[in-house]
Amino acid sequence: MKKSKLLGSALLALTATFLATNDADAASCTALQKLQPGGVAPDAGTGTPVPTVVYVTGSSAAKPLIAALAPAIFVDPLRPATIVYLSQGSCTGASAILSGAPMASNDSTNASYWDANSATLAAGSKIAKEETCTLAAGTIADIGISDVFAQTCGLGGAGLPQGVVDFQGPIQAMTFAVNKGSREQSISAEAAYLTFGLGTLAPWLDDAFLFRRNDLSGTQQMIGAAIGVNAKRWRGIDRGNSDNIFTSLSGLIAQADADKAIGILAADYSARPELKQLAYQPFGQRCGYLPDVRPLDKRNVRDGRYAIWGPLHLFTQVDGTGLAKHPRARDLIAYLAGSEPPPLGVELIRTAVRQHVVPPCAMRVQRTSEMGAMSSFKPARACGCAFDREATGSTTCQACSSNAECSSGQSCNFGFCEAQ
(Lines give C-alpha, C1' and ligand atoms only; values in the text may rest on other atoms or scores of the structure.)
Protein backbone atom coordinates (compact mmCIF):
# COMPACT_ATOMS: atom_id res chain seq x y z
CA MET A 1 0.00 0.00 0.00
CA LYS A 2 2.80 2.46 0.86
CA LYS A 3 4.55 1.72 -2.43
CA SER A 4 1.30 2.28 -4.32
CA LYS A 5 0.75 5.66 -2.67
CA LEU A 6 4.31 6.70 -3.45
CA LEU A 7 3.78 5.83 -7.09
CA GLY A 8 0.60 7.89 -7.13
CA SER A 9 2.36 10.87 -5.51
CA ALA A 10 5.22 10.64 -7.96
CA LEU A 11 2.78 10.57 -10.87
CA LEU A 12 0.98 13.68 -9.64
CA ALA A 13 4.26 15.51 -9.06
CA LEU A 14 5.51 14.57 -12.52
CA THR A 15 2.40 15.61 -14.41
CA ALA A 16 2.35 19.02 -12.71
CA THR A 17 5.65 20.10 -14.34
CA PHE A 18 5.09 19.71 -18.05
CA LEU A 19 5.31 22.58 -20.52
CA ALA A 20 3.06 23.44 -23.43
CA THR A 21 3.70 21.80 -26.78
CA ASN A 22 3.71 23.45 -30.18
CA ASP A 23 0.60 24.00 -32.24
CA ALA A 24 1.12 21.06 -34.58
CA ASP A 25 -1.95 19.39 -36.02
CA ALA A 26 -3.51 16.76 -33.79
CA ALA A 27 -2.54 13.16 -34.54
CA SER A 28 -5.07 10.56 -35.53
CA CYS A 29 -6.63 8.87 -32.49
CA THR A 30 -5.99 5.52 -34.19
CA ALA A 31 -2.21 6.11 -34.44
CA LEU A 32 -1.24 7.77 -31.16
CA GLN A 33 2.31 7.49 -29.88
CA LYS A 34 3.69 8.17 -26.42
CA LEU A 35 5.08 11.66 -25.91
CA GLN A 36 8.68 12.27 -24.93
CA PRO A 37 9.71 14.14 -21.72
CA GLY A 38 8.46 17.71 -21.73
CA GLY A 39 5.48 16.80 -23.87
CA VAL A 40 7.50 16.60 -27.11
CA ALA A 41 5.98 14.52 -29.88
CA PRO A 42 8.27 11.79 -31.28
CA ASP A 43 9.64 11.97 -34.79
CA ALA A 44 7.64 10.08 -37.37
CA GLY A 45 8.11 6.36 -37.08
CA THR A 46 10.25 6.51 -33.93
CA GLY A 47 7.61 6.49 -31.21
CA THR A 48 6.00 3.80 -29.09
CA PRO A 49 2.26 3.18 -29.56
CA VAL A 50 0.08 4.21 -26.64
CA PRO A 51 -1.80 1.56 -24.61
CA THR A 52 -5.16 0.23 -25.82
CA VAL A 53 -7.57 3.07 -26.54
CA VAL A 54 -10.95 3.32 -24.80
CA TYR A 55 -13.30 5.69 -26.63
CA VAL A 56 -15.63 7.65 -24.34
CA THR A 57 -18.14 10.35 -25.24
CA GLY A 58 -20.85 12.39 -23.57
CA SER A 59 -21.14 14.88 -20.74
CA SER A 60 -18.77 17.86 -20.74
CA ALA A 61 -19.47 18.20 -17.01
CA ALA A 62 -17.87 14.79 -16.43
CA LYS A 63 -14.68 15.59 -18.34
CA PRO A 64 -12.65 16.89 -15.34
CA LEU A 65 -13.29 13.64 -13.46
CA ILE A 66 -12.07 11.61 -16.44
CA ALA A 67 -9.02 13.89 -16.71
CA ALA A 68 -8.18 13.23 -13.07
CA LEU A 69 -8.06 9.45 -13.56
CA ALA A 70 -6.77 9.06 -17.12
CA PRO A 71 -3.02 9.78 -16.58
CA ALA A 72 -2.78 7.06 -13.91
CA ILE A 73 -4.71 4.59 -16.09
CA PHE A 74 -2.30 5.34 -18.95
CA VAL A 75 0.74 4.18 -16.93
CA ASP A 76 -0.94 1.39 -14.97
CA PRO A 77 1.68 -1.41 -15.01
CA LEU A 78 -1.03 -4.11 -15.03
CA ARG A 79 -3.91 -2.87 -17.21
CA PRO A 80 -2.92 0.35 -19.00
CA ALA A 81 -5.29 2.19 -21.32
CA THR A 82 -5.52 5.47 -23.18
CA ILE A 83 -8.79 7.29 -22.51
CA VAL A 84 -9.92 9.30 -25.54
CA TYR A 85 -12.80 11.59 -24.61
CA LEU A 86 -15.17 13.65 -26.75
CA SER A 87 -17.49 16.14 -25.03
CA GLN A 88 -20.76 16.04 -26.98
CA GLY A 89 -23.41 16.35 -24.29
CA SER A 90 -25.08 13.78 -22.07
CA CYS A 91 -27.83 12.74 -24.45
CA THR A 92 -25.36 12.29 -27.28
CA GLY A 93 -23.31 10.09 -24.96
CA ALA A 94 -26.33 7.95 -24.10
CA SER A 95 -27.34 7.71 -27.76
CA ALA A 96 -23.83 6.60 -28.74
CA ILE A 97 -24.42 3.35 -26.84
CA LEU A 98 -28.18 2.89 -26.96
CA SER A 99 -28.44 3.68 -30.68
CA GLY A 100 -24.89 2.95 -31.81
CA ALA A 101 -24.45 6.47 -33.18
CA PRO A 102 -20.80 7.20 -34.17
CA MET A 103 -18.80 9.67 -32.10
CA ALA A 104 -17.74 11.55 -35.23
CA SER A 105 -19.08 11.84 -38.75
CA ASN A 106 -15.84 13.14 -40.33
CA ASP A 107 -12.08 13.23 -39.80
CA SER A 108 -11.94 16.76 -38.36
CA THR A 109 -13.38 16.12 -34.90
CA ASN A 110 -10.80 16.57 -32.14
CA ALA A 111 -11.06 14.52 -28.96
CA SER A 112 -9.02 14.76 -25.75
CA TYR A 113 -6.67 12.22 -24.25
CA TRP A 114 -4.26 12.14 -21.33
CA ASP A 115 -0.73 10.75 -21.36
CA ALA A 116 1.20 10.81 -18.07
CA ASN A 117 3.74 12.87 -20.03
CA SER A 118 1.17 15.15 -21.66
CA ALA A 119 1.81 18.86 -21.86
CA THR A 120 -0.14 21.38 -19.83
CA LEU A 121 -2.53 23.39 -21.94
CA ALA A 122 -1.96 27.06 -22.65
CA ALA A 123 -2.69 29.65 -19.95
CA GLY A 124 -6.38 29.95 -19.20
CA SER A 125 -7.22 26.27 -19.53
CA LYS A 126 -8.84 24.62 -16.53
CA ILE A 127 -7.86 21.03 -17.40
CA ALA A 128 -4.18 20.08 -17.23
CA LYS A 129 -2.33 17.21 -18.90
CA GLU A 130 -4.56 17.22 -21.97
CA GLU A 131 -3.71 16.46 -25.58
CA THR A 132 -5.93 16.22 -28.64
CA CYS A 133 -6.28 13.71 -31.45
CA THR A 134 -8.44 13.55 -34.55
CA LEU A 135 -11.22 10.99 -34.54
CA ALA A 136 -11.69 8.85 -37.60
CA ALA A 137 -15.10 9.00 -39.24
CA GLY A 138 -17.48 6.42 -37.84
CA THR A 139 -15.60 5.89 -34.54
CA ILE A 140 -17.85 3.97 -32.12
CA ALA A 141 -17.74 4.73 -28.39
CA ASP A 142 -16.99 2.09 -25.79
CA ILE A 143 -18.67 4.13 -23.01
CA GLY A 144 -21.32 6.83 -23.19
CA ILE A 145 -21.37 9.13 -20.16
CA SER A 146 -24.52 11.00 -19.23
CA ASP A 147 -25.47 13.23 -16.32
CA VAL A 148 -29.08 12.09 -16.68
CA PHE A 149 -31.13 8.93 -17.13
CA ALA A 150 -31.60 7.68 -20.69
CA GLN A 151 -35.36 8.29 -20.40
CA THR A 152 -34.69 11.99 -19.76
CA CYS A 153 -33.08 12.10 -23.22
CA GLY A 154 -36.09 10.35 -24.77
CA LEU A 155 -34.16 7.08 -25.03
CA GLY A 156 -34.92 3.66 -23.60
CA GLY A 157 -38.54 4.47 -22.82
CA ALA A 158 -39.45 0.78 -22.55
CA GLY A 159 -36.15 -0.11 -20.94
CA LEU A 160 -32.57 -0.22 -22.16
CA PRO A 161 -31.82 -2.30 -25.27
CA GLN A 162 -30.69 -5.86 -24.68
CA GLY A 163 -26.97 -5.98 -24.03
CA VAL A 164 -26.75 -2.40 -22.71
CA VAL A 165 -26.27 -1.58 -19.01
CA ASP A 166 -26.40 1.73 -17.15
CA PHE A 167 -23.64 1.54 -14.53
CA GLN A 168 -23.96 4.42 -12.08
CA GLY A 169 -21.01 6.36 -10.76
CA PRO A 170 -20.42 9.40 -8.54
CA ILE A 171 -23.18 11.88 -7.79
CA GLN A 172 -22.97 15.30 -9.42
CA ALA A 173 -24.60 18.53 -8.27
CA MET A 174 -25.77 20.95 -10.96
CA THR A 175 -25.81 24.63 -10.06
CA PHE A 176 -26.74 28.13 -11.06
CA ALA A 177 -23.57 30.22 -11.23
CA VAL A 178 -22.71 33.90 -11.56
CA ASN A 179 -19.56 35.97 -11.86
CA LYS A 180 -17.75 36.38 -8.54
CA GLY A 181 -18.55 40.12 -8.66
CA SER A 182 -22.31 39.59 -8.94
CA ARG A 183 -24.40 40.93 -6.07
CA GLU A 184 -26.83 38.01 -6.31
CA GLN A 185 -26.64 35.26 -3.67
CA SER A 186 -29.54 32.88 -4.30
CA ILE A 187 -32.23 31.78 -6.72
CA SER A 188 -35.52 29.95 -6.21
CA ALA A 189 -37.12 27.48 -8.59
CA GLU A 190 -39.79 30.09 -9.33
CA ALA A 191 -37.14 32.72 -10.10
CA ALA A 192 -35.22 30.32 -12.32
CA TYR A 193 -38.44 29.50 -14.20
CA LEU A 194 -39.09 33.20 -14.81
CA THR A 195 -35.48 33.74 -15.89
CA PHE A 196 -34.81 30.83 -18.25
CA GLY A 197 -38.42 30.08 -19.15
CA LEU A 198 -39.92 33.54 -19.65
CA GLY A 199 -37.07 36.08 -19.41
CA THR A 200 -39.09 38.32 -17.10
CA LEU A 201 -37.09 38.51 -13.87
CA ALA A 202 -34.56 41.24 -13.03
CA PRO A 203 -31.58 41.36 -13.05
CA TRP A 204 -31.47 38.46 -15.51
CA LEU A 205 -33.45 40.05 -18.34
CA ASP A 206 -30.90 40.13 -21.16
CA ASP A 207 -30.84 36.88 -23.18
CA ALA A 208 -27.27 37.65 -24.28
CA PHE A 209 -26.16 37.19 -20.66
CA LEU A 210 -28.09 33.98 -19.97
CA PHE A 211 -25.43 31.33 -20.59
CA ARG A 212 -26.98 27.92 -21.09
CA ARG A 213 -26.45 24.65 -22.94
CA ASN A 214 -29.01 22.83 -25.13
CA ASP A 215 -31.45 19.94 -24.95
CA LEU A 216 -28.64 17.37 -25.42
CA SER A 217 -26.94 18.61 -22.25
CA GLY A 218 -27.46 16.69 -19.02
CA THR A 219 -26.88 19.86 -17.03
CA GLN A 220 -29.74 21.62 -18.82
CA GLN A 221 -31.96 18.52 -18.75
CA MET A 222 -31.52 18.02 -15.01
CA ILE A 223 -31.98 21.67 -14.07
CA GLY A 224 -34.90 21.94 -16.50
CA ALA A 225 -36.60 19.05 -14.71
CA ALA A 226 -36.05 20.84 -11.40
CA ILE A 227 -37.48 24.21 -12.43
CA GLY A 228 -40.16 23.05 -14.87
CA VAL A 229 -38.66 24.44 -18.08
CA ASN A 230 -38.44 22.05 -21.03
CA ALA A 231 -34.78 21.70 -22.02
CA LYS A 232 -35.67 22.61 -25.62
CA ARG A 233 -37.31 25.91 -24.69
CA TRP A 234 -34.70 27.74 -22.60
CA ARG A 235 -34.00 31.40 -23.18
CA GLY A 236 -30.40 32.54 -23.51
CA ILE A 237 -27.28 31.67 -25.48
CA ASP A 238 -26.14 28.09 -26.07
CA ARG A 239 -22.44 28.25 -25.22
CA GLY A 240 -21.75 24.72 -26.46
CA ASN A 241 -20.02 23.22 -23.42
CA SER A 242 -19.16 23.81 -19.78
CA ASP A 243 -15.75 25.33 -20.55
CA ASN A 244 -17.36 28.03 -22.67
CA ILE A 245 -19.98 28.88 -20.04
CA PHE A 246 -17.22 29.18 -17.44
CA THR A 247 -15.23 31.47 -19.76
CA SER A 248 -18.29 33.61 -20.53
CA LEU A 249 -19.10 34.16 -16.85
CA SER A 250 -15.57 34.54 -15.51
CA GLY A 251 -14.52 36.99 -18.24
CA LEU A 252 -17.03 39.68 -17.25
CA ILE A 253 -15.46 42.86 -15.86
CA ALA A 254 -18.13 45.58 -15.65
CA GLN A 255 -20.35 45.44 -12.57
CA ALA A 256 -23.49 45.85 -14.67
CA ASP A 257 -22.55 42.85 -16.78
CA ALA A 258 -21.67 40.74 -13.74
CA ASP A 259 -25.05 41.47 -12.19
CA LYS A 260 -27.14 40.55 -15.24
CA ALA A 261 -25.25 37.37 -16.16
CA ILE A 262 -26.10 33.84 -15.01
CA GLY A 263 -25.20 30.36 -16.21
CA ILE A 264 -25.66 26.67 -15.43
CA LEU A 265 -22.71 24.46 -14.52
CA ALA A 266 -21.78 21.35 -12.62
CA ALA A 267 -20.36 22.07 -9.17
CA ASP A 268 -16.75 21.39 -10.15
CA TYR A 269 -16.90 24.37 -12.53
CA SER A 270 -19.02 26.74 -10.46
CA ALA A 271 -16.92 26.23 -7.30
CA ARG A 272 -13.86 27.79 -8.96
CA PRO A 273 -12.83 31.14 -7.44
CA GLU A 274 -13.70 33.12 -10.58
CA LEU A 275 -17.39 32.29 -10.09
CA LYS A 276 -20.00 32.15 -7.34
CA GLN A 277 -22.61 29.45 -6.79
CA LEU A 278 -26.15 30.58 -6.02
CA ALA A 279 -28.03 28.96 -3.17
CA TYR A 280 -31.01 27.12 -4.65
CA GLN A 281 -34.51 26.93 -3.13
CA PRO A 282 -36.67 24.25 -4.82
CA PHE A 283 -40.45 24.29 -5.07
CA GLY A 284 -42.01 23.59 -1.68
CA GLN A 285 -38.82 24.17 0.33
CA ARG A 286 -38.59 27.08 2.76
CA CYS A 287 -34.87 27.81 2.41
CA GLY A 288 -32.21 27.87 -0.26
CA TYR A 289 -29.05 25.82 0.09
CA LEU A 290 -25.61 25.60 -1.47
CA PRO A 291 -24.20 22.14 -2.26
CA ASP A 292 -21.62 22.56 0.53
CA VAL A 293 -21.85 23.53 4.19
CA ARG A 294 -18.06 23.72 4.35
CA PRO A 295 -16.02 23.92 1.15
CA LEU A 296 -15.92 20.54 -0.64
CA ASP A 297 -18.01 18.60 1.91
CA LYS A 298 -21.19 18.34 -0.28
CA ARG A 299 -23.09 17.91 2.97
CA ASN A 300 -26.32 19.39 1.61
CA VAL A 301 -26.20 17.11 -1.45
CA ARG A 302 -25.46 14.01 0.60
CA ASP A 303 -28.30 14.72 3.06
CA GLY A 304 -30.80 15.84 0.40
CA ARG A 305 -31.15 19.52 1.30
CA TYR A 306 -29.62 20.67 -1.97
CA ALA A 307 -32.02 19.36 -4.60
CA ILE A 308 -30.36 19.40 -8.03
CA TRP A 309 -28.22 16.27 -8.23
CA GLY A 310 -28.05 12.87 -9.85
CA PRO A 311 -25.68 9.97 -10.46
CA LEU A 312 -23.28 9.84 -13.38
CA HIS A 313 -24.56 7.25 -15.87
CA LEU A 314 -22.02 5.02 -17.61
CA PHE A 315 -23.68 3.29 -20.57
CA THR A 316 -21.88 0.45 -22.28
CA GLN A 317 -22.40 -2.73 -24.30
CA VAL A 318 -21.96 -5.81 -22.10
CA ASP A 319 -21.07 -9.43 -22.73
CA GLY A 320 -22.73 -12.56 -21.33
CA THR A 321 -21.24 -11.91 -17.88
CA GLY A 322 -22.92 -8.52 -17.62
CA LEU A 323 -19.62 -6.63 -17.85
CA ALA A 324 -18.41 -4.21 -20.52
CA LYS A 325 -17.31 -5.93 -23.72
CA HIS A 326 -14.13 -3.86 -23.90
CA PRO A 327 -11.90 -5.07 -21.00
CA ARG A 328 -10.29 -1.67 -20.41
CA ALA A 329 -13.68 0.05 -20.55
CA ARG A 330 -14.68 -2.44 -17.86
CA ASP A 331 -11.80 -1.13 -15.72
CA LEU A 332 -12.72 2.54 -16.14
CA ILE A 333 -16.33 1.84 -15.19
CA ALA A 334 -15.20 -0.09 -12.10
CA TYR A 335 -12.99 2.82 -10.98
CA LEU A 336 -15.77 5.37 -11.46
CA ALA A 337 -18.43 3.18 -9.82
CA GLY A 338 -16.15 2.49 -6.86
CA SER A 339 -16.14 -1.29 -7.23
CA GLU A 340 -12.36 -1.32 -7.79
CA PRO A 341 -9.65 1.09 -6.58
CA PRO A 342 -7.96 3.12 -9.33
CA PRO A 343 -4.33 2.25 -10.17
CA LEU A 344 -1.09 3.68 -8.77
CA GLY A 345 -2.50 4.64 -5.40
CA VAL A 346 -5.02 7.13 -6.81
CA GLU A 347 -7.76 7.23 -4.17
CA LEU A 348 -11.34 7.51 -5.44
CA ILE A 349 -12.57 9.41 -2.37
CA ARG A 350 -9.79 11.97 -2.67
CA THR A 351 -10.35 12.28 -6.42
CA ALA A 352 -14.11 12.67 -5.91
CA VAL A 353 -13.64 15.43 -3.32
CA ARG A 354 -11.28 17.35 -5.58
CA GLN A 355 -13.63 17.02 -8.54
CA HIS A 356 -16.69 18.11 -6.51
CA VAL A 357 -18.55 14.82 -6.91
CA VAL A 358 -19.74 12.35 -4.27
CA PRO A 359 -19.05 8.61 -4.38
CA PRO A 360 -22.26 6.65 -3.70
CA CYS A 361 -20.78 5.31 -0.46
CA ALA A 362 -20.86 8.85 1.01
CA MET A 363 -24.55 9.47 0.20
CA ARG A 364 -27.43 9.26 2.70
CA VAL A 365 -30.23 9.69 0.15
CA GLN A 366 -30.92 8.20 -3.27
CA ARG A 367 -33.09 8.65 -6.36
CA THR A 368 -34.28 6.21 -8.99
CA SER A 369 -35.49 8.73 -11.58
CA GLU A 370 -34.59 12.21 -12.80
CA MET A 371 -35.18 14.69 -9.97
CA GLY A 372 -37.47 12.07 -8.43
CA ALA A 373 -38.43 11.75 -4.79
CA MET A 374 -35.54 11.08 -2.45
CA SER A 375 -35.43 8.13 -0.09
CA SER A 376 -32.98 7.21 2.64
CA PHE A 377 -29.93 5.30 1.49
CA LYS A 378 -27.55 3.05 3.40
CA PRO A 379 -24.53 2.01 1.34
CA ALA A 380 -23.13 -1.48 1.77
CA ARG A 381 -19.82 0.01 2.88
CA ALA A 382 -20.28 3.63 3.93
CA CYS A 383 -17.47 6.13 3.41
CA GLY A 384 -19.04 9.29 4.82
CA CYS A 385 -16.42 9.64 7.56
CA ALA A 386 -13.52 9.23 5.14
CA PHE A 387 -15.18 11.67 2.74
CA ASP A 388 -15.57 14.28 5.53
CA ARG A 389 -11.96 13.81 6.59
CA GLU A 390 -10.71 14.27 3.05
CA ALA A 391 -12.98 17.23 2.30
CA THR A 392 -12.66 19.22 5.51
CA GLY A 393 -9.59 17.84 7.25
CA SER A 394 -11.58 16.56 10.20
CA THR A 395 -14.28 14.10 11.25
CA THR A 396 -15.94 13.15 14.53
CA CYS A 397 -15.65 9.46 13.60
CA GLN A 398 -13.23 7.19 15.41
CA ALA A 399 -10.15 6.21 13.41
CA CYS A 400 -9.59 2.45 13.09
CA SER A 401 -7.59 -0.23 11.37
CA SER A 402 -9.95 -3.17 12.03
CA ASN A 403 -13.57 -3.88 13.00
CA ALA A 404 -12.43 -4.89 16.49
CA GLU A 405 -11.68 -1.24 17.27
CA CYS A 406 -15.26 -0.13 16.52
CA SER A 407 -18.38 -0.19 18.68
CA SER A 408 -21.15 -2.73 18.26
CA GLY A 409 -23.08 -2.13 15.04
CA GLN A 410 -20.11 -0.43 13.39
CA SER A 411 -17.44 -1.57 10.97
CA CYS A 412 -14.06 -0.15 10.04
CA ASN A 413 -14.59 1.45 6.63
CA PHE A 414 -11.79 3.31 4.86
CA GLY A 415 -10.00 3.92 8.16
CA PHE A 416 -13.00 5.07 10.25
CA CYS A 417 -15.76 3.43 12.29
CA GLU A 418 -19.12 3.71 10.52
CA ALA A 419 -22.55 2.23 11.19
CA GLN A 420 -23.06 -1.09 9.42
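Model, not experiment: these values are computed from the prediction.

Asks: For the pairing of strand E7 (residues 164-179), give the residues involved together with the corresponding values.
Replies: Within E7, twelve of the 16 residues are buried, leaving the element largely enclosed by the surrounding structure. Across eight bridges, E7 lies against strand E14 (residues 309-317) in antiparallel orientation. Looking at E14, one finds that Ile171 is bridged to Pro311. Where E7 and strand E11 (residues 262-266) come together, four bridges link them in antiparallel fashion. Paired with Phe176 across the two strands is Ile264, which belongs to E11.

Asks: Describe the state of the cysteines, with residues and values.
Replies: Counted under the stated rule, the structure contains six disulfides. At a sulfur-sulfur separation of 2.1 Å, the disulfide partner of Cys29 is Cys133. In this structure, the disulfide formed by Cys29 and Cys133 twists by about 95° around the S-S bond and is classed as right-handed. Linking Cys29 in the loop between strand E1 (27-28) and strand E2 (53-58) with Cys133 in strand E5 (residues 131-135), this pair joins segments that are 104 residues apart in sequence. By relative accessible area, Cys29 is classed as buried at 2%. There is a disulfide in this structure between Cys385 and Cys397, and the S-S distance comes to 2.0 Å. An S-S torsion of about -60° defines the bridge between Cys385 and Cys397 as left-handed. You can see Cys385 sitting in helix H12 (residues 384-392) and its partner Cys397 sitting in the loop between H12 and strand E18 (410-413), a full twelve residues away along the chain. Cysteine pairing for the protein, with bonded cysteines counted in sequence order: 1-3, 2-4, 5-6, 7-8, 9-11, 10-12.

Asks: So, the packing of aromatic side chains: which residues are in play, and what are the values?
Replies: Remark: the centre distance and the inter-plane angle together describe each pair of aromatic rings, the angle taken between the planes. Applying the stated criterion to the full structure yields five aromatic pairs. Aromatic side chains Phe209 and Phe211 sit 6.4 Å apart centroid to centroid with 55° between the ring planes, which places their arrangement in the tilted category. Here Phe209 falls in the buried class, since its relative accessible area comes to 15%. Relative accessible area serves as the criterion here: at 7%, Phe211 is assigned to the buried category. Aromatic ring contacts, followed pair by pair, group Phe176, Phe196, Trp234, Tyr280 and Tyr306 into a single cluster.

Asks: Any chance you could break down the pattern of salt bridges for me, citing the residues and the numbers?
Replies: Per the stated rule, a full pass over the model turns up 16 salt bridges. The shortest N-O distance in the salt bridge between Glu130 and Lys63 comes to 3.3 Å. Remark: Lys63 occurs in helix H2 (residues 63-74) and Glu130 occurs in the loop between strand E4 (109-113) and E5; sequence separation between them is 67 residues. By relative accessible area, Glu130 is classed as buried at 8%. For Arg350, the salt bridge is made with Glu347, and the minimal N-O distance between the two is 3.8 Å. Residue classification places Arg350 among the partly exposed positions, given a relative accessible area of 33%. A cluster of three or more residues bridged by salt bridges with shared partners is formed by Arg79, Arg328, Asp331 and Glu340.

Reading guide: rules and limits
- Residues numbered from 1 in each chain as written.
- Predicted model: local features only at pLDDT ≥ 70, side-chain atom pairs only at ≥ 80, totals over all residues.
- Heavy atoms only, no water.
- Buried < 20%, exposed > 50% of the residue type's maximum accessible area, 1.4 Å probe, protein only.
- Helix = DSSP H or I, 4+ residues; strand = E, 2+ residues; numbered from the N terminus.
- Pairing = 2+ DSSP bridges.
- Disulfide = S-S within 2.5 Å.
- Phe/Tyr/Trp six-rings, centres within 6.5 Å; stacked < 30°, edge-to-face > 60°.
- Salt bridge = Lys/Arg side-chain N within 4 Å of Asp/Glu carboxyl O.

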